[in-house]
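Working through the structure, step by step
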Amino acid sequence: MANFYTDNKDLKFQLSNPLMEKIVNLREENFAQKEKWVEAPLDYEDALDTYDKVLEIVGEICGEIIGPNAEEVDLNGPKVVDNKVVYAPGTQQNIDALTQAGLFGMSLPREYDGLNLPMVPYVMAAELVSRADAGFANIWGLQDCAETIHEFANEEIKKEFLPRVNKGDTMSMDLTEPDAGSDLQAVQLKATYDEKTGNWLLNGVKRFITNGDADISLVLARSEEGTMDGRGLSLFVYDRRDGGVTIRRIENKMGIKGSPTAEKVYKNAPAKLVGDRRLGLIRYVMSLMNSARLGVGAQSVGLSEAAYREALKYAYEREQFGKAIIKFPAVYEILTTMRIKTEATRALLYETSRYVDIYKTLTHISKSRSLTPEERNDLKFYQRLSDAFTPLLKLFSSEYANENAYDAIQIHGGTGFMKDFPVERLYRDARITSIYEGTSQLQVVAAIRSVINGAYLKRINEFNEIDFKPEFQSVKNQLKDMAERFAKSTENVTKAGDGEYLDFQARRLVEMAGYIIMTQLLMIDAMRDDKFEDSVHLFLNFAKAKFVEAESFINSFDEDDIALYKKEFFAKELD
Ligand SMILES: Cc1cc2nc3c(=O)[nH]c(=O)nc-3n(C[C@H](O)[C@H](O)[C@H](O)COP(=O)(O)OP(=O)(O)OC[C@H]3O[C@@H](n4cnc5c(N)ncnc54)[C@H](O)[C@@H]3O)c2cc1C
C-alpha cells in the first residue's frame, strides 16, 4: 500500500523536533483538555503518537486515492453547471475520503469538532496532499479560512460556521478583484449595512478566487464610504446558501486544473462582519495570508518531493550509451541539487511552522487569561520570527518547486515533454506557487524589512552560537564569514539612503540571508540525525555559489547604475 507519510522518514523527524514539546503543552493547555475530551492526549508522547497516526491515515489516503486520482482530475477538471461548480469525479472522491476520515478542520479546537492539531502536523498533512495532487491541496487547504474565523470572529459566528468545516463544507478566500491584485488596498467590492435585517450586503466582483463556489467564503470589502486605502476595508463571512452570488465563469488555466478558479459577482449578497470594521486588511487578511503562505510553502515542498521522486525513478530506469542515465555526472548533479533544495526548504517550512504555532497559540490563550511575563516575551519573540521567516519560506520554496519541476522534465528528456508521465503536470502545477498568495516580488517587499531591521542577522548570529558538532567547525566558520559579508552588503546598499536603490537590490539581500539560514537549519537537523551531514556540505557548496552571485550583483551596480536599467524603457522621462 502506498503511504506518502511512512515512505518519507524526514517528516517523522520534523515531528520529533525538540520545540514540539513546548508547542504541544501550549496547544493542550498542559493537558488540561483531557479532563473535558476523551480523545485529548494524556501527555506529550500520547500527543505525538496521535499526530503520527493521523498523518499515517493522511499518507495512505494520499498514496491510495488522491495521488492515483490526480491525472483524471487534471484531465477533466471542474465545470460550471447551473451557476454551480461541479468538481471532477476524482476531486469529489478525495473530499469524501478526507471527510469520512475526519480530516477537514484538523487544526480547529475540539469544541468546534476539530482535532486540535498544532500547525506542524497540519502543515505536514498539507505537504502530503500536495505531493499527491497540488491542485487538490488548494481545496483542502482553504480550511485556513476557518482558522481566521476562529481567531477573529465572535462566538456566534464561530458556532455557526466552524463545525460545518469538519463535515466537509468547503471554503474560499475572496480578496482579489480585477483592479486589486498585489495591491489589495485598492479593493472596491462594497459592503453596506442593512438596518432592516442587521446584515451587511455585498456588491461587486471578485476575480481569480480558488474554489470560488465554496460553501463558506471570507470576503474582503470596502465598508467605509469615501475611503480609498486599506483602512476602509473589513472582512465578512458569506454563506452560499443565502444566495446573491453568481459564478460568472471559471478560468481555463495552465496548471492546478482540478482547483476551480472563479470570477464571481456579488449582488446584494448578505454577509456577516468578522471582528471589527476597518481591520479587514490590515489585521485579519494579513494573518490569513501568513497562514496561506505557509500553505503554499507546504504545497511547494510537496511538489518538489514529487518532482524529485519521479526524476529519480526515471533516471534509474532509463538507459543511454549502455548505462542508466543516473550514472552520468550531469544527471546525478541535477538530482542531488533537487534533493538538497527540497530538504533545505522543508527545514525552513517546519521551522517557520513551529514559530507560527507558538505565537498563534499564545495569542489564543491571551484571550482567555493573562499571559505570564515569560509567555509574553515568547509571543513577541516568535511573532517576529514568523513575520521574518514566512516570506523567506514562500519565496524560496516556490522558486525551488519551479526549478525542481523544470529539472524533473529535463531528466525525462523528450518523454518529459509528453503527457505520459506526471512530471509534465507537476511542471504546470508548480508555476502558480510563486504567483499567488503574493508573488515572489511581494515576498521580497515583506522580507526586506527583516534585512533592514536586522531580524535575519540576529537569528543567524543566534544560530551561530549553537554548539555544533566539532566536524562542523569549518562550516560554521564559513557561515560566520557569509554573515559578515551579508551585513556588509546590507550596509553598502542602505548607506546611500536611496529607497529605489534598496528596492532594486532587495531580492539579492533577502536571498543572501536565506542561503545562510537554510544551511544553518540543515546543520541543526544534522545534530539530531547524521543523515543530514552530507546535505549540510552539499547545500553549503550550492548556497555559497549562489551567495557569491548575489553579492557580486550588488557590488556590480551602484545607485547611479539604475539609470542604465531605466534608460532602456523610460528614456524620455530620464531626459
Ligand atoms: C490560479 C490562481 C488562484 C488564485 N486564488 C486566489 C484566491 O483564492 N483568492 C484571492 O483573493 N486571490 C487569488 N488569486 C489571485 C492572486 O493572489 C493574484 O493573482 C496575485 O496576488 C497577483 O496579483 P495580480 O495577478 O493582479 O498581479 P499584479 O499585482 O498585477 O502583478 C503583476 C506583476 O507586477 C509585480 N508587482 C506588482 N506590485 C509590485 C511591487 N510593489 N513591487 C514589485 N513588483 C510588483 C508582480 O510581482 C507581478 O510580477 C489567484 C490567482 C491565480 C492565478
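Starting from 1, residues in each chain are numbered consecutively following that chain's sequence as written. Selection of residues for local features in this predicted model requires a pLDDT of at least 70, selection of side-chain atom pairs for listing and counting requires 80 or more, and totals for whole chains, interfaces and linings are taken over all residues. Each side-chain value is derived from all of the structure's non-hydrogen atoms; neither hydrogens nor water enter the calculation.

A closer look at the packing of aromatic side chains
- Only rings of Phe, Tyr and Trp enter the pairing, Trp through its six-membered ring, and a pair is recorded when the two centres are within 6.5 Å. The plane angle decides the type: under 30 degrees is stacked, over 60 is edge-to-face, the rest tilted. One pass over the full model with this rule turns up 20 aromatic pairs.
- Here the aromatic rings of Phe152 and Tyr284 are separated by 4.5 Å at their centres, their planes lie at 35°, and the arrangement is tilted. Taken as a pair, Phe152 in helix α7 (residues 144–152) and Tyr284 in helix α9 (residues 280–317) lie far apart in primary sequence, 132 residues in all. Comparing Phe152 with Tyr284, the two get one shared label, buried. Put simply, DSSP H or I for four residues or longer makes a helix, DSSP E for two residues or longer makes a strand, and each gets a number counted from the N terminus. For every residue, the accessible area obtained with a 1.4 Å probe (protein chains only) is divided by the maximum for its type, and the residue is called buried under 20%, exposed over 50%, and partly exposed between those limits.

What about the site of the ligand?
- If a single non-hydrogen atom of a residue is within 4 Å of a molecule or strand, that residue counts as near it. Looking at the ligand, there are 18 residues lining it, with Thr176, Ser182, Phe208, Thr210 and Thr439 nearest.
- Think of a polar contact as two N or O atoms within 3.5 Å of one another; within protein, one of them needs to be a possible hydrogen donor and the other a possible acceptor, and neighboring residues in sequence only count if both atoms come from side chains. Thr210 has a polar side-chain atom sitting 2.7 Å from a nitrogen atom of the ligand.
- Side-chain polar atom of Gln441 to an oxygen atom of the ligand: 2.9 Å apart, as the coordinates give it.
- Taken together, the elements giving at least two residues each to the shell around the ligand come down to β5 (199–210) and α13 (440–452).
- Sorting elements by how many residues they give to the shell around the ligand places β5 first, with three residues.
- Per-class residue counts for the shell around the ligand are nine nonpolar, seven polar and two charged. When residues are grouped by polarity, Ala, Val, Leu, Ile, Met, Phe, Trp, Tyr, Cys and Pro land in nonpolar, Asp, Glu, Lys and Arg in charged, and all others, Gly among them, in polar.

Focus on unusual backbone geometry
- For Asn30, which is not glycine, the phi torsion reads 55° and is therefore positive.
- In this structure, Asn30 sits in the loop between α2 (19–27) and α3 (44–76).
- Among the residues examined, Asn30 registers a relative accessible area of 60% and is labelled exposed.
- The phi dihedral of Asp113 is positive, around 65°, even though this residue is not glycine.
- Tracing the chain through its elements places Asp113 in the loop between α4 (89–100) and α5 (119–132).

Side note on the domain arrangement of the protein chain
- By convention here, the domain bounds are inherited from an automatic or database domain assignment. Here the domain parsing of the protein chain yields domain 1 (9–165 + 282–434), domain 2 (170–278) and domain 3 (440–574).
- Put simply, the middle of domain 2 and the middle of domain 3, counted by C-alpha atoms, are 38 Å apart.

Topic: the layout of surface pockets
- A pocket here means an open set of points on a 1 Å grid, computed over the protein atoms alone, that has protein on both sides within 12 Å along at least five of seven lines. A cavity is instead a set of points where a 1.4 Å probe fits but cannot get out; residues with an atom within 4 Å of a point line either one. Grid points are joined across faces, edges and corners, and a volume is the space filled by probe spheres set on the points. Roughly 690 Å³ of volume is contained in the second largest pocket.
- What lines the second largest pocket is a set of 23 residues, among which Glu29, Gln33, Glu111, His364 and Ser368 lie closest to the centre.
- Of all the secondary-structure elements, those providing two or more residues to the lining of the second largest pocket are α2, α8 (155–166) and α10 (329–368).
- Counting residues per element, the lining of the second largest pocket draws most heavily on α10, at five residues.
- When its residues are assigned to classes, the lining of the second largest pocket shows five nonpolar, eight polar and ten charged.

Digging into the packing of α5 against α10
- The convention used is that axes are lines fitted to C-alpha atoms, helices contributing only their stretch in contact, and that angles between N-to-C directions extend from 0 to 180 degrees. Axis separation between α5 and α10 bottoms out at 8 Å; the angle between their running directions is 145°. The crossing of α5 and α10 is right-handed. Contacts between α5 and α10 involve Met119, Val120, Val123, Met124 and Glu127 from the former and Arg346, Leu349, Tyr350, Ser353, Arg354, Val356 and Asp357 from the latter.
- The class makeup of the residues in the contact of α5 with α10 is seven nonpolar, one polar and four charged. Handedness of each helix crossing follows the sense of rotation of the near helix against the far helix: counterclockwise by less than a right angle gives left-handed, clockwise gives right-handed. Here a residue-residue contact requires only that any non-hydrogen atoms of the pair lie within 4.5 Å.

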